[in-house]
Structure formats: C-alpha cells, structure tokens
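Next come the chains, spelled out residue by residue.
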Amino acid sequence: MEYLVTGGEMSLEDKLQVLTDAAKYDVACTSSGVERKGDGKRIGNCVAAGICHSFSGDGRCISLLKILLTNECIYDCKYCRNRNSNDIPRATFTPDEICTLTMEFYRRNYIEGLFLSSGILQNPTFTMELIFRTVWLLRNKYRFNGYVHVKTIPGAAPEMIEQTGFLADRMSVNLELPTAEGLHTLAPNKHRKSILTPMRQVQNGIRNNRNDLVLYRNAPKFVAGGQSTQMIIGATPESDYQIINVAESLYRKFDLKRVFYSAFVNEGDMVKPYLTGDGAGGFWKEDVFTPEAAQKVLDGLYQVVEDPEGTAHEAYRSEYRLAGKTGTAEIKDSKEDTDGTELGWFVGMSGEDTEKPLLIVMMIEDVKGRGGSHYVIPKAMKGFDVYNKTDEGEAEHEG
Ligand code: SF4
C-alpha cells in the first residue's frame, strides 16, 4: 500500500495546534463501555468507568487525545470550519506522527486514548485507509492497547471500514443533520444513504462478532465499544419532535451507543465548555432548543424525584426542589453475558428555589445486586442535605 501523505514543511507542534483546534467541533467522543486490562506485553489499558469525558476550554475532550488526521477537505459542508472554501491554515499528520503523539502523551499521563477524526483527503477510501493505517501502526508497531475511537468515513470501501473495526474500540459516523433535506441544503456532497450504509455495516459487524465470540473465545473483537453519531441541531429548521424521532429511530434501528446533540438546560442555549476556573461563562451556541422544549425536559426531571412513582423519589425533600435522573450502565461483552458488572449513576440538580444552586453527578462502580442506582442516591443526597442544611444534613453533620 502506497501512502502519498508526507510530513510536509510544518513542525509537529504547529500541526498539533491546527489539528486539535479543528477537532473541537466533533463532540461524539466518550469512551464508556470498554474494559481491557493491561496484558503485560503492550502499553495501556482501557477502563470501563462509564466516564463521559469533560471538555477543556479549547474543546478537547479530557483524557483523550482528540485530533484530526487532516483538516484538508474536498467537500464544502456549509456549517464546517474545514470546508474546502474556507481560507484557514491547513495541515495533515502522517500516521506515524499521530502514533508518536499518542504514545508520548500517554507516557506522560496526559491521555487515556485517542479520538481520531478527519476531513476528506483525495477521496473517502483514501482517507479511511490512512485512519486504518494509523490504528494498525498504533496497535502493532507501537503496541498501544488503550482506547481508540475513530471516524467511519461515509463512502469509504467496506473492506477498509471492516479492517479498521477490528482495531478500534469505537467508531462513529456523523449523521450531520437530522433530515435528508437538511443534509442536501448544508452538505450537498453528502448523501443520507452514504452515511447510513457504513452505520449499518458496523452494526452488522458488531452483531456477527458477538456470535463469533460465543463460538471462538479468542476471536478478534469488532468495535467492542459500539458506535455513536452526532447531529447538528439548530442549523436547519427541524422541530424538536423530528429531532427526537430521528434519535429514537437511530437507537432502535442501528443499535447506537450514543446520539450526541446539545444540552436541555439554559432554555435551549448550549454552554461554552470550560475547565473549572479557566474561562467560565458564555454560551457556545444559542437557541439550540426552544425554551419550551428545555422546560419540558426539566419538568420531567423534577417528576423523577417528586412523583411517588419516580425512579428517584427517595431523593425528595420538602425543603427544596430537586431535579434528578438515575441510570445503570451494564458492562457486558454481549447481551447474553450475565457476568458483567454494573455502574450506578445519579445526577441531581437543585437551585430553582434556593440562592445556592448545586449539581451533583455521582457514579459508583460494582452496584450489581446492591440496588443499582438506588445504592447511589442516598450517598449523593448526603451532599445535598449538608449543603442545604436540611434536618437530614444537620443529623449527618452531628453524626
Ligand atoms: S466532510 Fe467533514 S470535514 Fe469536510 S467539510 Fe464536510 S463536515 Fe467538514
């Protein structure tokens, strides 16, 4: 296989600056769901901590090296900074350069894995080959055993997608816009079919692989962390109902792990991501949802706590209002796997009727047989009770 991409004139540092900055608009990069212990021969491991990584101030996903292979692109999607017609500095990494950066950052404990996306260089198959080559080198030459999430390039040859799937933990192909009309308007080079075809291929690959793993314990795993996608919300006039329908259909028909879109708080405005104490404030995108849709979701979260039938009713306090959501993440190799562990989640938010808003996100490992998320709720509530000085909180202090 002949690779035409060379390092070029730019220094690695300059490329890194251009290509990490260009990657910040891709948000489909959590690493939940993959657990792989160090094997003593290769470098790195994967922890299925269910952590949705936070974003740093410049948009990088904390603990994943999040970069583009290239911000060159033959396409001209109107919403994209890397579109062909945009006059911006361009750079392209070689596969070896990406491997070197990943290994150096990993050894310095800056990252736990790699999130690799890309513009389209020459054509989709050529770009997918470069992504494949990068992950192949990382796994085989550099012996990297950590988490790797790569983009599936729509329109790439199925063989390239398949081979990449046997090396990556997660793959994602961006739906880009909720409807075919929206895609036609803003990304005229892309077609719904060329996005859904690789999504289906990866879905089928994961399903077939489950059967293989039942028959052959040591069969190679295919996209063990599942696939995800992201949609741009707000650029085209789809209603909230259409967007939710599309997301629901993706989960149901394509077994997606995550559909990423924006926040349901701040009356539909998406907050600019930042690290504690560095550059807080401001909105990244405004009017992503209607205030009515945001309020509807918030009301639902209050009901989770206030309704006696709500899954987190034990968090109910008469002194203040609390919105909440419970969750349990099952860590399994397959649907048939009954030996997996469980992570319990609780997210609670108070603040509507107090001067001191508080958000607590708590996850506890190994809650199987201990009540799932119900094991977590009382522990998170200790924080709320002490903070809000309720009777339970005073008792906790005295205790
Ligand atoms: S194909 Fe991707 S990188 Fe290229 S312009 Fe469209 S969204 Fe941007």
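Calculation rules
- Residues numbered from 1 in each chain as written.
- Predicted model: local features only at pLDDT ≥ 70, side-chain atom pairs only at ≥ 80, totals over all residues.
- Near = placed C-beta within 6 Å.
- Nonpolar A, V, L, I, M, F, W, Y, C, P; charged D, E, K, R; others polar.
- Helix = DSSP H or I, 4+ residues; strand = E, 2+ residues; numbered from the N terminus.
- Contact = placed C-beta atoms within 7 Å.
- Core = buried A, V, L, I, M, F, W, Y, C linked by C-beta atoms within 7 Å.
- Buried ≥ 20, exposed ≤ 12 C-beta atoms within 10 Å, placed from the backbone.
- Arc of directions from axis to C-beta.
- Pairing = 2+ DSSP bridges.
- Axes fitted to C-alpha atoms, helices over the stretch in contact; angles between N-to-C directions.

Q: Describe in detail the site of the ligand, supporting the description with residues and values.
A: As a matter of local geometry, the ligand sits amid Cys73, Tyr75, Cys77, Cys80, Asn82, Arg83, Gly119, Ile120 and Ala187. Of the residues assigned to the shell around the ligand, the class counts are six nonpolar, two polar and one charged.

Q: Tell me about the environment of Val148, residues and numbers included.
A: Within the secondary structure layout, Val148 lies in strand β3 (residues 147–151). Linking Val148 and Leu116, residues 32 residues apart in sequence, is a C-alpha distance of 7.8 Å. For Val148, the residues in contact, after removing those within four places along its chain, are Gly113, Leu114, Val135, Leu138, Ala168 and Asp169.

Q: An account of the nonpolar core is needed here, citing residue identities and associated values.
A: Counting residues in hydrophobic clusters, the biggest one holds 56 residues, and the most contacted among them are Leu116, Ile131 and Val135. One finds Val305, Ala312, Ala315 and Phe384 within the second-largest nonpolar core, a separate group that totals 20 residues.

Q: Account for helix α1 (residues 12–21), with residues named and values stated.
A: All of the buried residues along α1 are Lys15, Val18 and Leu19. When α1 is viewed along its axis, its buried side chains cluster within an angular range of 85° and face the same direction. Elements that come into contact with the buried residues of α1 comprise β1 (64–68).

Q: Break down the sheet that holds strand β11 (residues 358–364) for me, citing the residues and quoting the values.
A: On the basis of which strands lie adjacent, the open sheet formed by three strands has the order β9-β10-β11 and antiparallel pairing. Each of the sheet's edge strands pairs with one partner strand only, and the pair in question is β9 (322–331) and β11. Adjacent strand axes in the sheet meet at a mean angle of 10° when their direction is disregarded. Judged from the 10 bridges that link them, β9 and strand β10 (residues 341–350) form a sheet pairing that is antiparallel. Bridge pairing links Ile331 to Thr341 in β10. This element, helix α9 (residues 373–388), spans β9, β10 and β11 of the sheet and lies at about 30° to β10.

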